[in-house]
Amino acid sequence: MPDTIVTRALPRPLPMNAHVTSRLSMSPPLHRPLSLPADRVAGLIRARWWALALLLAATLGTPALLDAALPLTPMLLILATVALWNGSLFWQARQGHSSDATSCLLQLCVDLLAFAGLLHFSGGATNPLVSMLLLPVVLSALLLSRRAVAALATLAILLYSLLMVSFVPLPVADPQRAAMLHLTGMWLTFVVSAAMLAWFVMRTTDAMRRRDAELALAREQTLRNERVLALGALAAGAAHELGSPLATLAVLAGELERAAAPDSDNAADLKLMREQIAYCKRIITRLTEDAGQQRSEGAESMRCDTWLEGLHAAWRSLRGHSDSTFTLLASGESPPPVIVVEPTLGQSVVSLLDNALRAGGPVDLALDWDADHLTIEIRDSGPGFAADVLQRAGRQTFGEHAEGRGIGLLLVTASVERLGGRLELDNPWTGGARVRVLLPLARVGLHG
């Protein structure tokens with residue numbers, strides 16, 4: 001489908017999307033409370049329930065496995081206290097209370113202290129599960145700021161150091177059996193640590209990939225908007241220079257039409273010339289308007305089918321009633337939505353129709369909608385899009401090409417995305433090329 005330049009009011013360069021900017025922020029200032037997502041808080045509470053269950057099983061099962069007595073009373077008291085506290089956190093989360101970074105840091109500190117207390121009564125640093133003190137530190141690296149992670153890591157190191165000098169030793173009757181269970185505990189610690197490390201690295205890598213993708217998208221949008229701005233400056237200069245010649249041509253065409261015989265072929269041609277000149281003057285007038293302004297309250301609104309059918313009829317009349325059809329694809333279950341008519345959207349559709357006509361007629365224009373989106377589809381009967389056009393069209397221009405330079409599609413894409421929509425290009429199996437404009441009714445609808 002060849003390319004034609006869209007004569008339209010050009011939008012101002014768009015800044016980087018607000019959601020991209022916010023998601024790329026590394027961390028808020030430390031003095032500002034950070035509200036954690038509810039799913040992360042709930043996940044932390046669920047993980048604590050699992051940890052309490054495993055620690056309870058280990059506490060009750062170790063005496064039988066090692067044939068050694070443990071001080072069960074203080075250990076069970078620690079587990080019961082943490083369970084009651086976690087139940088309180090669970091109830092608060094169910095009531096909709098949000099947790100900030102300080103609250104999360106306090107929770108992880110309590111987890112460290114409780115686990116260190118259990119280790120104190122079960123061999124201290126000689127316990128093979130002592131490396132599990134790293135788990136709260138790993139979780140903090142996913143949830144908290146650098147300063148909070150450093151504080152929690154310092155607490156974990158301090159607790160480990162204290163457990164080396166202050167602990168209740170385990171009296172074991174069978175040293176060989178105790179050594180085997182010690183090795184088993186070390187294996188379990190390694191398995192858990194490896195799984196947590198792999199999970200942490202994968203989460204971090206995924207976050208970095210998402211950030212890189214968002215940065216690439218933001219850079220692409222910025223570059224495209226710079227091109228649009230440059231084209232806008234050129235178009236403004238061209239509009240200023242073309243005003244006087246078009247006015248002269250309009251006067252000459254009017255005089256020649258009045259001088260020609262009413263029934264002659266020249267009269268019809270001159271009338272068509274005068275209409276085309278008037279159309280060019282209207283385009284230039286619109287071109288000099290401010291395209292960055294938002295839709296005014298008094299903007300014209302109409303049913304989408306009525307608008308597009310009228311636009312198609314006007315386009316056909318200016319193209320010598322070209323071979324083109326207009327079709328409604330909607331099933332009819334819902335009435336056609338009423339939209340606020342955006343001039344730039346109409347100019348984009350006209351540009352796409354011109355491209356399709358240049359590629360090869362007949363041209364088919366279709367309209368479809370559902371509860372959320374409005375879809376405008378344009379097909380031609382030409383050779384279809386080239387592979388590089390499908391890959392780059394709408395995002396950047398290309399040099400000398402049989403199907404144009406891509407300027408028109410670049411401008412159409414900018415106009416459609418400004419309305420929250422997107423442009424899709426493909427080559428259907430039936431032949432020709434197809435362009436689909438998908439628009440959210442929340443943006444273009446009467447109440448958008």
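Just above, that's the structure.
This structure is a prediction, so every number in the text was calculated from the model and none was measured.

Conventions adopted
- Residues numbered from 1 in each chain as written.
- Predicted model: local features only at pLDDT ≥ 70, side-chain atom pairs only at ≥ 80, totals over all residues.
- Heavy atoms only, no water.
- Pairing = 2+ DSSP bridges.
- Helix = DSSP H or I, 4+ residues; strand = E, 2+ residues; numbered from the N terminus.
- Axes fitted to C-alpha atoms, helices over the stretch in contact; angles between N-to-C directions.
- Contact = heavy atoms within 4.5 Å.
- Parallel < 35°, antiparallel > 145°, perpendicular 65-115°, else oblique.
- Left-handed = near helix turned anticlockwise from the far one by under 90°.
- Nonpolar A, V, L, I, M, F, W, Y, C, P; charged D, E, K, R; others polar.

Draft legend 1. Looking closely at the sheet that holds strand β7 (residues 434-440). In space, the five strands of this open sheet follow the order β2-β4-β5-β7-β6, with mixed pairing throughout. What marks the edges here is a single partner per strand, and that holds for β2 (324-328) and β6 (422-426). Between one strand and the next, the sheet's axes are offset by a mean angle of 15°, whatever the strand orientation. Of the strand pairs in this sheet, β6 and β7 are connected by five bridges, and their pairing is antiparallel. Each bridged residue has a counterpart across the sheet, and for leucine 423 the counterpart in β7 is valine 437. Against the sheet, helix α9 (residues 304-318) touches β2, β4 (363-369) and β5 (373-379), its axis set at about 175° to β2. The strands touched by helix α10 (residues 343-359) within the sheet are β4, β5, β6 and β7, with β5 carrying the most contacts at an inclination of about 25°.

Draft legend 2. Representation of the packing of helix α3 (residues 72-94) against helix α4 (residues 101-120) in the model. Between α3 and α4, the least distance of the axes is 9 Å, while the angle of their chain directions is 165°. Classified by the angle between their axes, α3 and α4 sit roughly antiparallel to one another. The crossing of α3 and α4 is left-handed. Contact residues: α3 offers Met75, Ile78, Leu79, Val82, Trp85 and Leu89, while α4 offers Gln107, Val110, Asp111, Ala114, Gly117 and Leu118. Its residues placed into classes, the contact of α3 with α4 shows nine nonpolar, two polar and one charged.

Such coordinate-based values are descriptive only and should not be taken to indicate function.
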